[in-house]
Amino acid sequence: MGSTLGVAVVGFGWMGRVHTQAYARVPHHFPGLSVRPELIAVADEVPGRAEEAAARYGFATAARDWREVAADPRVRAVSVAAPNFLHREIGVAMAEAGKHLWIEKPVGLTAADARAVAGAVAKAGVQGTVGFNYRNAPAVAAARELIAAGEIGTVTHVRIRLFSDYAAHPEGALTWRYERERGGSGVLGDLASHGVDLARFLLGEIASLTADTAVFVPERARPTGATAGHTRSTGGELGPVENEDYVSCLLRFASGARGVLEACRVSVGEQNNYGFEIHGTKGAVSWDFRRMGELGVSRGTSFQDQPVSTLYVGPGHGEYAAFQPGSANSMGYDDLKVIEAYNFLRSIAEGTPYGATLEDAVHSATALDAMARSAEHGTWVSPGN
């Protein structure tokens, strides 16, 4: 059965619920894990939300203030699924309280915020995992293995896309997501952060980039009450959208490969259109999140007119075997968060990082800051400067 580990969730919107369900499911899919999460505390500032979560999922304690979680000796690990502007304060405080940290991307509003949380985690000697869930898809793991094995030759160029319509409706409420002070860099932090992580996970470090950004829905109505997710609002006072709806970015990798990264939150007709196409001197691989278990693969010696086949991932690809017994059985988004929970808990049990770390968050945030600078000045920028 393994030893129990007291866990807490701070922020109980949709993502807090996903984390909670991942904790509940992880022993089912990974029975060999030597620690078993126990739901100790949930905190959310919205009246009644934490109490409802505790009643529904079985948390022992519900609180309005996350500081109660930080002070609770029963809690040894914390999921932070609060809004972006709270990531730094909560993340640093939890690490300083000796809690292991599973925190959602982008880990604050800037690279400085991500560095502060990473530094606190390192100083405290606790484990830290970040919510870059798309790297956990077994097809992405298979693509990484093919690339590393030279199956497509030397990578020449990549296109990474993250298009969605969650902010496309003009009646979408002016929540914290659209404010620079609380939401940070808009679609950069929300979607492009995942794109940067996929780029680094698959192809290595980004040497330089140049970006362009735009706001396509310039005003929204302020909400009149508590919000969760992407609430609509009509009749409220209009306010400006302060951060980006769209970003396009050209990338130069340290390997010499070139790339295009494009993300948009107001793409009418697109729902979770996330994926990549990676080309090499001998072949190519492609992946679409909406067909998560399929990987397009072209390899061989034909070069010209070389066909593309579909690889249906199965046992042997990533953590697929923990969920399904044979190839082409479907997995879903929540399964990726179960894998993330497994990596987090395994890191704690073994004292060795698994999965996406706070250092990965720092690299992603540094690239996002570079995109913002590039868009402002119209120049190529090195993420390291």
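The paragraphs below set out a description of the structure included in this document. (Residues numbered from 1 in each chain as written. Predicted model: local features only at pLDDT ≥ 70, side-chain atom pairs only at ≥ 80, totals over all residues. Heavy atoms only, no water.)

Brief notes about the pattern of salt bridges
Proximity of charged atoms lets side chains of opposite charge pair with each other. Per the stated rule, a full pass over the model turns up 25 salt bridges. With a closest N to O distance of 3.3 Å, Glu-244 and Arg-180 form a salt bridge. Of this pair, Glu-244 sits in the loop between strand E10 (238-240) and strand E11 (246-253) while Arg-180 sits in helix H7 (residues 180-183), and the two are 64 residues apart along the sequence. Judged by its relative accessible area of 38%, Arg-180 is partly exposed. One connected set of salt bridges, linked through shared partners, spans Arg-159, Arg-161, Glu-270, Glu-277, Asp-288 and Arg-290. (Salt bridge = Lys/Arg side-chain N within 4 Å of Asp/Glu carboxyl O. Helix = DSSP H or I, 4+ residues; strand = E, 2+ residues; numbered from the N terminus. Buried < 20%, exposed > 50% of the residue type's maximum accessible area, 1.4 Å probe, protein only.)

A short note on the sheet that holds strand E1 (residues 3-10)
Here we have six strands laid out as an open sheet, ordered E3-E2-E1-E4-E5-E6, and parallel in their pairing. Only two strands of the sheet have a single neighbouring strand rather than two, namely strand E3 (61-63) and strand E6 (128-130). Pairwise comparison of adjacent strand axes, ignoring direction, gives a mean angle of 25° for this sheet. With three bridges joining them, strand E5 (residues 100-103) and E6 adopt parallel strand pairing. In the sheet register, Ile-103 faces E6, and the bridge partner there is Val-130. (Pairing = 2+ DSSP bridges. Axes fitted to C-alpha atoms, helices over the stretch in contact; angles between N-to-C directions.)

Quick notes on the packing of helix H1 (residues 14-29) against helix H9 (residues 333-350)
Put simply, H1 and H9 touch, their axes get as near as 8 Å, and they point 70° apart. When the axes of H1 and H9 are compared, the pair comes out roughly perpendicular. Between H1 and H9 lies a crossing whose hand is right-handed. Counted together, Trp-14, Met-15, Val-18, His-19, Gln-21, Ala-22, Tyr-23, Arg-25, Val-26 and His-29 of H1 and Tyr-333, Asp-334, Asp-335, Lys-337, Val-338, Ala-341, Tyr-342, Phe-344 and Leu-345 of H9 form the full contact between these two elements. Classifying every residue of the contact of H1 with H9 gives 12 nonpolar, three polar and four charged. (Parallel < 35°, antiparallel > 145°, perpendicular 65-115°, else oblique. Left-handed = near helix turned anticlockwise from the far one by under 90°. Contact = heavy atoms within 4.5 Å. Nonpolar A, V, L, I, M, F, W, Y, C, P; charged D, E, K, R; others polar.)

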